Each structure stands twice: as structure tokens, then as C-alpha cells.
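Here is how the chains run, residue by residue.
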Amino acid sequence: VQLVESGGGLVQAGGSLKLSCVASGDTFITYSMAWFRQAPGKERELVAAINWSGSQTDYADSVKGRFTISRDNTKNTVFLQMNSLEPADTAVYYCAATTTGWGTGVPEYDYWGQGTQVTVSS
């Protein structure tokens, strides 16, 4: 499975960005998907996760109420809508897929994208 992210960039504090991640293959619907992020000098952390149908989601406390994860199984795509961005959101954002049903930790994810940079200026 190949995952390709897009949508990152430079935005001012308070602005919005929408990240997209397209997966290759025909088994996308069987994967739970997630967005992680990693800032310089910090560990990779979960931002948001979504199960195969979209009926279950989970968010880091720091992004609840500001970010929304969604997916379109007809297009093999998962999205991350980011609103009210803060400088603390600056990081490389990674899309990930797990074949184990559900997961919120880095070791539980089998496939990773190359990452997309999000920079929020103050």
C-alpha cells in the first residue's frame, strides 16, 4: 500500500488547511486510517484516527474541536480538516494505515506516507 499526502503549506495562526491522503490498491476500505504529526525534536504523535466506515474517530486532546478527520472510501482518500491553526500545530503530518482493525499508537500502523509539512506562523 502506498500513501501519498498533500495539502500542507504555510498558514497564519487562525487559518485553515485541509490535508488529503490517497491510498493505492483495492483494500482501502479494510484499513483504519490516522494522521500523525512530528515536530522537530519531538516524538511522533497521533492527531486523529478513523475506522473503516467512519463511524469511529479519535482525536488528540490538543486538536479536539479544531480538527476533523473523514474518509471517502470510493476515492481511497482520508482527509484532515484543520481549523483555528496555532503555531504549536507546526509539524510534518503523516498519513498512516493499519490492518489490525483499530489503533492509536505508532507501532500499530503498518503503512506510512512520506509526510507533508504544515507551518503555522504567529
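Above: the structure in question.
Residues numbered from 1 in each chain as written. Predicted model: local features only at pLDDT ≥ 70, side-chain atom pairs only at ≥ 80, totals over all residues. Heavy atoms only, no water.

S.K.: How would you explain the overall build of the protein if you had to name every residue and give the values?
M.R.: A count of helices and strands for the protein gives zero helices and eleven strands. Along the protein, helices and strands appear, N-terminal first, in the series β-β-β-β-β-β-β-β-β-β-β. On C-alpha atoms alone, the protein measures out to a radius of gyration of 13 Å, which is about the 14 Å that the 2.2 N^0.38 rule sets for 122 residues. Judged by the C-alpha coordinates and their principal axes, the protein covers about 40 × 25 × 25 Å. Counted over contacts in the protein with a minimum sequence separation of 6, partners at least 24 positions apart contribute 57%. Of the roughly 6000 Å² of accessible surface on the protein, 49% is carried by carbon and sulfur atoms. Across the protein, the centroid of the 8 positively charged side chains sits 6 Å from that of the 11 negatively charged ones. (Helix = DSSP H or I, 4+ residues; strand = E, 2+ residues; numbered from the N terminus. Rg over C-alpha atoms; globule rule 2.2 N^0.38 Å. Contact = heavy atoms within 4.5 Å. Areas by Shrake-Rupley, 256 points an atom, 1.4 Å probe, with all protein chains shown as cover. Lys, Arg positive; Asp, Glu negative; His and termini not counted. Charge placed at Lys NZ, Arg CZ, Asp CG, Glu CD.)

S.K.: Please provide a residue-by-residue account of the state of the cysteines, values included.
M.R.: Throughout the structure, instances matching the rule amount to one disulfide. Here Cys21 connects covalently by a disulfide to Cys95, the sulfurs 2.1 Å from one another. Disulfide Cys21-Cys95: the torsion about the S-S bond is -75°, which places it as left-handed. Taken together, the residues Cys21 in strand β3 (residues 17-23) and Cys95 in strand β9 (residues 91-98) connect sequence positions 74 residues apart. A relative accessible area of 0% means that Cys95 is categorised as buried. (Disulfide = S-S within 2.5 Å. Buried < 20%, exposed > 50% of the residue type's maximum accessible area, 1.4 Å probe, protein only.)

S.K.: Run through the pairing of β3, naming residues and quoting values.
M.R.: Burial analysis of β3 places five of its seven residues in the buried class, which makes it a mostly covered element. Two elements, strand β1 (residues 3-6) and β3, share four bridges in a ladder whose sense is antiparallel. Considered in β3, the bridge of Val4 is made with Val22. Bridge analysis of β3 against strand β8 (residues 77-82) gives six bridges, and the strand direction is antiparallel. Residue pairing across strands places Ser20 opposite Phe79, the latter belonging to β8. (Pairing = 2+ DSSP bridges.)

S.K.: Which residues make up the pairing of strand β11 (residues 116-121), and what are the values?
M.R.: Taking every second residue as pointing to the same face, the buried face of β11 carries Thr116, Val118 and Val120, while none of Gln117, Thr119 and Ser121 on the other face is buried. The pairing of strand β2 (residues 9-12) with β11 spans four bridges and is parallel. By the bridge assignment for β11, Gln12 is matched with Ser121. In this sheet, β11 lies alongside β9 in antiparallel orientation, the contact comprising three bridges. When the sheet's bridge partners are listed, Tyr93 is paired in β11 with Thr116.

S.K.: Let's hear about unusual backbone geometry: which residues, and what values?
M.R.: Although it is not a glycine, Asn76 adopts a positive phi angle of roughly 50°. With a phi angle near 50°, Ser84 is a residue other than glycine that sits in the positive phi range. Checked against the element boundaries, Ser84 lands in the loop between β8 and β9.

S.K.: Go over the pattern of salt bridges, please, and point to the residues and values.
M.R.: Counted by the stated rule, this structure contains five salt bridges. Taking the shortest distance from any N to any O, the salt bridge between Glu86 and Arg66 comes out at 3.8 Å. Within this pair, whereas Glu86 is found in the loop between β8 and β9, its partner Arg66 is found in the loop between β6 (57-59) and β7 (67-72), the two being separated by 20 residues in sequence. If you follow the salt bridges from partner to partner, you end up with Arg37, Glu45, Arg66, Glu86 and Asp89 in one network. (Salt bridge = Lys/Arg side-chain N within 4 Å of Asp/Glu carboxyl O.)

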